[in-house]
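One-letter residues, chain by chain:
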Amino acid sequence: MIRSMRPVIVAGNWKMHTTPADAGELARLIAARSRVDRVVRVLCPPYVCLAAVRNALAGPAVEAADGSGVAVGAQDVHHEATGAFTGAISAPMLAGLATWTIVGHSERRRDACETDELIGRKLMAARAAGLRTILCVGEQLADRDAGLARDVVDRQLRTCLAGAAPAALAGDDPLGLTIAYEPVWAIGTGRNARGADAAEMAGAIRAALASIGFADGGEDVPVLYGGSVTSSNIDEFMAEPSIDGALVGGASLRPDEMAAIVARAGLTAAARAGTLA
Ligand code: PGA
């Protein structure tokens, strides 16, 4: 797949916000205001809000096979399918509720002490259940200041993807595996990376994928930027050909922000499709 044919994706990570009483209405508003051709939109509410969001999007807004509409994603999955794991949710349990999931978010790494090895198992479990999976990687500020950002991301990818046959991971689904580059120092801080730095890291991610054995040097794997993305800075990221969209936290709870972010992503999607006048 040539680079310009990669899908453009905007995923919203609602984290520990919303309730089953208000999540459906928020999803409906976002879906209605952010309808833009060719942008794959994904909303990741808390588990207990998945059904409300799914129901609110039923009908014209619901995800279609080509990625149009709005898909519903989980924020995490357990690495086993069933078992004595109190409080955990497995990938097969999400059938009928979600078609996507995030794994390896830095807040899970920080708060639940998730290791790259464990995240790799979650990734396999998610893909085995057919969930389209966004794998998060990214360095701490100290790593960046020490010039180690590329090394950190390379190590994260190698460990998370160890033992996975690249072809089997994505399968024949161009949305099967997405990597989100999320520098930890930019998440929820209001301090975003520069577009050029994110593009450099997307290059590092694809170099790591290539050395792991991904076909076409990882060029067909979408790479998103995440970390304090808003309508004010999305242009900086979408202007980079190596960046295929955004994983949005705080701003994804605001329908007008999501509308503006998706609109800007839509310009890139249209340009890639060759339909921009
Ligand atoms: P943020 O979160 O946009 O609020 O920084 C991004 C994320 O955690 O994915």
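Residues numbered from 1 in each chain as written. Predicted model: local features only at pLDDT ≥ 70, side-chain atom pairs only at ≥ 80, totals over all residues. Heavy atoms only, no water.

Visitor: What should I look at first to understand the overall build of the protein chain in this one?
Guide: Looking only at helices and strands, the protein chain features 10 helices and eight strands. Over its C-alpha atoms the protein chain spans a radius of gyration of 17 Å, differing by no more than 12% from the 19 Å that the globule rule assigns to 277 residues. Across its three principal axes, the protein chain shows a C-alpha extent of roughly 55 × 45 × 35 Å. Counting every position in the protein chain, which comprises 277 residues, the buried fraction comes to 53%. (Helix = DSSP H or I, 4+ residues; strand = E, 2+ residues; numbered from the N terminus. Rg over C-alpha atoms; globule rule 2.2 N^0.38 Å. Buried < 20%, exposed > 50% of the residue type's maximum accessible area, 1.4 Å probe, protein only.)

Visitor: What is the right way to look at the site of the ligand in this model?
Guide: Around the ligand, 14 residues are found, and the nearest of them are Lys-15, His-105, Glu-182, Gly-188 and Ser-228. In this structure, Lys-15 approaches the ligand through a side-chain N or O atom, which is 2.7 Å from an oxygen atom. In this structure, an oxygen atom belonging to the ligand sits 2.7 Å away from a main-chain N or O atom of Ser-228. The protein chains hide 95% of the 280 Å² of surface that the ligand would expose on its own. Residue composition of the shell around the ligand, by class: five nonpolar, seven polar and two charged. (Near = heavy atom within 4 Å. Polar contact = N/O pair within 3.5 Å; in protein donor to acceptor, adjacent residues only side chain to side chain. Areas by Shrake-Rupley, 256 points an atom, 1.4 Å probe, with all protein chains shown as cover. Nonpolar A, V, L, I, M, F, W, Y, C, P; charged D, E, K, R; others polar.)

Visitor: Teacher, can you tell me more about the nonpolar core here?
Guide: Nonpolar side chains in soluble globular proteins tend to be buried together. Membership of the largest hydrophobic core comes to 65 residues, with the highest contact counts inside it found for Leu-135, Leu-157, Ile-179, Ile-205 and Tyr-225. Ile-205 has contacts with Val-137, Val-153, Leu-157, Ile-179, Tyr-181 and Val-223, leaving out every residue within four places of it along the chain. Judged by nonpolar contacts, the second largest core, of 14 residues, contains Val-40, Ile-102, Cys-136 and Ala-180. (Core = buried A, V, L, I, M, F, W, Y, C linked by side-chain atoms within 4.5 Å. Contact = heavy atoms within 4.5 Å.)

Visitor: What exactly am I supposed to notice about the packing of helix α1 (residues 23-33) against helix α10 (residues 255-273) here?
Guide: A pair of packed helices is characterised by two quantities: the angle between their axes and the separation of those axes. Remark: α1 packs on α10, axes separated minimally by 8 Å, with the N-to-C direction vectors making an angle of 35°. Of the two possible hands of crossing, α1 and α10 adopt the one that is right-handed. For the pair α1 and α10, contact is made by Leu-26, Leu-29, Ile-30 and Arg-33 and by Pro-255, Asp-256, Met-258 and Ala-259, respectively. Considering only residue class, the contact of α1 with α10 consists of six nonpolar, no polar and two charged. (Axes fitted to C-alpha atoms, helices over the stretch in contact; angles between N-to-C directions. Left-handed = near helix turned anticlockwise from the far one by under 90°.)

Visitor: Help me out: how do you make sense of the sheet that holds strand β1 (residues 8-13) in this one?
Guide: Hydrogen bonds between backbone groups are what pair the strands of a sheet, and the pairing can be parallel or antiparallel. What the eight strands build is a closed barrel, ordered β1-β2-β3-β4-β5-β6-β7-β8; its pairing is parallel. Each adjacent strand pair in this sheet contributes to an overall mean axis angle of 25°, direction not counted. With two bridges connecting them, strand β3 (residues 70-74) and strand β4 (residues 100-103) associate as parallel partners. Counted as the bridge partner of Gly-73 is Trp-100 from β4. Of the strands in this sheet, β1, β2 (39-44) and β8 (245-248) are in contact with α10, which crosses β1 at around 160°. (Pairing = 2+ DSSP bridges.)

Visitor: It is not clear to me how the packing of aromatic side chains should be interpreted in this structure. Could you clarify?
Guide: Ring pairs (aromatic) are described by centroid distance and by the angle formed between their planes. Enumeration over the complete set of coordinates arrives at two aromatic pairs. On the basis of an interplanar angle of 55° and a centroid distance of 6.3 Å, the ring pair of Tyr-181 and Tyr-225 is categorised as tilted. Of this pair, Tyr-181 sits in strand β6 (residues 177-181) while Tyr-225 sits in strand β7 (residues 223-226); the two residues are 44 residues apart in sequence, bridging distant segments of the chain. Judged by relative accessible area, which is 1%, Tyr-181 ranks as buried. (Phe/Tyr/Trp six-rings, centres within 6.5 Å; stacked < 30°, edge-to-face > 60°.)

Visitor: How do you make sense of the environment of Val-8 when you look at a structure like this?
Guide: Within the secondary structure, Val-8 sits in strand β1. Classification of Val-8 by relative accessible area gives buried; the value is 2%. On a C-alpha basis, the gap between Val-8 and Arg-54 in space is 22 Å, while along the polypeptide they are 46 residues apart. Not counting the four nearest positions on each side in its chain, Val-8 is found in contact with Arg-38, Val-39, Val-40, Met-238, Asp-244, Ala-265, Thr-268, Ala-269 and Arg-272.

Visitor: Quick question: what am I supposed to make of the environment of Arg-54 here?
Guide: Within the element layout of this structure, Arg-54 appears in helix α2 (residues 50-57). We classify Arg-54 as partly exposed; its relative accessible area is 23%. In this structure the C-alpha to C-alpha distance between Arg-54 and Val-72, which are 18 residues apart in sequence, comes to 6.6 Å.

Visitor: Is there a simple way to think about the packing of α1 against α2 in this case?
Guide: Running from N to C, α1 and α2 point in directions that differ by 40°, and their axes come no closer than 8 Å. In terms of orientation, α1 lies oblique with respect to α2. Of the two elements, α1 crosses α2, and the hand of that crossing is right-handed. Along the contact surface, α1 presents Ala-23, Gly-24, Ala-27, Arg-28 and Ala-31, while α2 presents Ala-52, Val-53, Ala-56 and Leu-57. Counted by class, the contact of α1 with α2 contains seven nonpolar, one polar and one charged residues. (Parallel < 35°, antiparallel > 145°, perpendicular 65-115°, else oblique.)

Visitor: So what exactly am I meant to see when it comes to unusual backbone geometry here?
Guide: A positive phi angle is found at Thr-18, which is not glycine, with a value near 80°. Structurally, the position occupied by Thr-18 is in the loop between β1 and α1. A relative accessible area of 23% places Thr-18 in the partly exposed class. The phi angle at Cys-113 is positive, at roughly 55°, despite the residue not being glycine.

Function-wise, these values are silent; they only describe arrangement.
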